[in-house]
Structure formats: C-alpha cells, structure tokens
Amino acid sequence: LAATAAPAAKPDLARGQAIATQVCAACHSVDGSRGSPANPIIQGQHPAYLTKQLQEFKAGKRQNPIMQGIAAGLSEQDMRNVSAFYATKTYKPGFAKNKELVTLGEQIYRGGIAAKGVPACASCHSPSGAGIPAQYPRLGSQHAEYTVAQLNNFRAGTRANNAQMMTIAGKMNDREIQAVSDYIAGLR
C-alpha cells in the first residue's frame, strides 16, 4: 500500500507573525512594507509564491547567503505560516520616479519589445502588477531598485530559479530594465 501524504496544516497566522517579528523584520519590516530598496516588499505577496521562494533558498536553487541561512532554519510549515501572514497585509502603493523613462517602461510592461522577442510583462504579472498566485509574483509598487537588481541577476544568470525570466532579462539592455522597473514601482 502506498502511503498518502498528509494534507498540509492550515497556516497559523500567529506563528507566522512571530516568525516575521523575530526573523524577518530586520530586513523586511514586521509587515513586509517599504523597507530598504535592497529588499523586496513582501506585504500582500501571494503566499504560494513566498513559500516557493523560501523553499528555493533552502534548497540552494536561489542564491542569497542571508536568505539561505534564514530559510535553512524554517520548516515547511513555518514557511507556509510566515508566507500566509505577509499575504494578509495590504501593500502600500509606490510610485515611479524617472519621468524620462516612464513611457518606455509602460510600453515594455504593457506591450513588450517585439523586435527583441520580449513579451509584455503584463501577460504574466497582470495589467495592474497583481501577478498570478504561485507562478508569477505581484510586482505592482515593488521597489524599482530591487526589480532592477533581480532583472540584472536573471540576465547574468546569478538568479537561475526561473528560466523564462533569465531568457527575457537576457534580451533587455540596462535602459530597458531601468525603465520597466521604475514603471512597475508605480503600478497599482
């Protein structure tokens, strides 16, 4: 007889908040809000996506010494708990800062770059930047600096946990990455 896996326990938001307060707050703030631009805004992010990223840090599929160390100490249930906690938080709207690049950023986000085979970001991350749970993260209002860094990491192959994004970012130049990242910061 094959053993069947027990269903995952319902996330414990109180335990998730405790983990957020004790472990995550230093970099992401207790509510996952607009902390340092070097760190992602995780409030309101899809819980399945956050859990997947924590699992990939723990497994070494996504490289970041700080996050790998933190994820190593979390059980699968802890990951679900903290992800569910951050998902309950309403994200605070951000804004674009570079008026010269906003039109280019909007064109890339909404229509892609046909000549380079870059698809519209909106096709996976939604027109408002809300994303699609588990597969595609919510990008709307994310720090532009963080988005630039992640696109550059995908382009360089130092973030190798998504082949599709590595291909897309690999076709973009610095100006295009900066423009779409700034535009994303203002999406709502």
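Going by the structure above, here's the rest.
Residues numbered from 1 in each chain as written. Predicted model: local features only at pLDDT ≥ 70, side-chain atom pairs only at ≥ 80, totals over all residues. Heavy atoms only, no water.

Colleague: Can you walk me through helix α1 (residues 13-28) in this structure?
Modeller: For an α-helix, 3.6 residues make a turn, and residues three or four places apart therefore share a direction. In this model, α1 (16 residues) spans only 17 Å end to end at C-alpha, well below the 22 Å of a helix rising 1.5 Å per residue. Residue Q22 marks the point of greatest curvature in α1, where the axis turns by about 50 degrees. Within the sequence span of α1, burial applies to G16, I19, A20, C24 and H28. Turning to α1, the residues buried within the fold contact α3 (65-72) and α4 (76-87). Capping of α1 at its N-terminal end is provided by D12; its side-chain oxygen lies 3.1 Å from the backbone amide nitrogen of A14. Just downstream of α1 lies S29, where phi reads positive at about 70 degrees. (Helix = DSSP H or I, 4+ residues; strand = E, 2+ residues; numbered from the N terminus. Expected span 1.5 Å × (residues − 1). Bend = angle between axes of the 7 residues up to and from the residue. Buried < 20%, exposed > 50% of the residue type's maximum accessible area, 1.4 Å probe, protein only. Contact = heavy atoms within 4.5 Å. Polar contact = N/O pair within 3.5 Å; in protein donor to acceptor, adjacent residues only side chain to side chain.)

Colleague: Would you mind going over the environment of G112 with me for this structure?
Modeller: Within the element layout of this structure, G112 appears in the loop between α5 (102-111) and α6 (122-125). Taking the C-alpha atoms as reference points, G112 and A156, 44 residues apart in sequence, are found 20 Å from one another. In contact with G112, other than residues within four places in its own chain, are Q107, V118, P119 and A120.

Colleague: Explain the environment of G32 here, please?
Modeller: If you trace the backbone, G32 turns up in the loop between α1 and α2 (47-59). Since its relative accessible area comes to 0%, G32 is described here as buried. For the pair formed by G32 and F85, sequence separation is 53 residues and the distance between their alpha carbons is 9.6 Å. Excluding residues that lie within four positions of it along the chain, G32 makes contacts with I41, I42, Q43 and Y86.

Colleague: Would you mind going over the packing of aromatic side chains with me for this structure?
Modeller: Under the counting rule described, the total for this entry stands at two aromatic pairs. Taking the centre distance of 5.8 Å and the plane angle of 45 degrees together, the rings of Y109 and Y183 count as tilted. Placement of Y109 in helix α5 and of Y183 in helix α9 (residues 174-185) is noted, with a sequence separation of 74 residues between them. Here Y109 matches Y183 in class, with each residue buried. A cation over a ring is seen here: R138 above Y91, with NZ or CZ 4.2 Å from the ring centre. (Phe/Tyr/Trp six-rings, centres within 6.5 Å; stacked < 30°, edge-to-face > 60°. Lys NZ or Arg CZ within 6 Å of the ring centre and 35° of its normal.)

Colleague: Can you walk me through the pattern of salt bridges in this structure?
Modeller: Pairs can form between side chains of opposite charge once their charged atoms are near each other. Tallied over the entire structure, the rule returns seven salt bridges. Here E145 makes a salt bridge to K97, at a shortest N to O gap of 3.5 Å. One end of the pair, E145, is in helix α7 (residues 144-156); the other, K97, is in the loop between α4 and α5, and 48 residues separate them in sequence. Salt-bridge contacts for K116 lead to E176; the nearest nitrogen and oxygen are separated by 2.8 Å. Here E176 lies in helix α9 and K116 lies in the loop between α5 and α6, a separation of 60 residues in the sequence. Its relative accessible area of 11% is what places E176 among the buried residues. (Salt bridge = Lys/Arg side-chain N within 4 Å of Asp/Glu carboxyl O.)

Colleague: Quick question: what am I supposed to make of the side chain of T147 here?
Modeller: Within the secondary structure layout, T147 lies in helix α7. When near neighbours in sequence (up to four residues on either side) are disregarded, T147 contacts Q142, S181 and I184.

Colleague: Quick question: what am I supposed to make of the side chain of H46 here?
Modeller: With respect to the helices and strands, the residue H46 is situated in the loop between α1 and α2. At 2.8 Å, the side chain of H46 and the backbone oxygen of A130 are in polar contact. Not counting residues within four places of it along the chain, the set of residues in contact with H46 comprises A130, G131, I132, P133, A134, Y136, P137 and R138.

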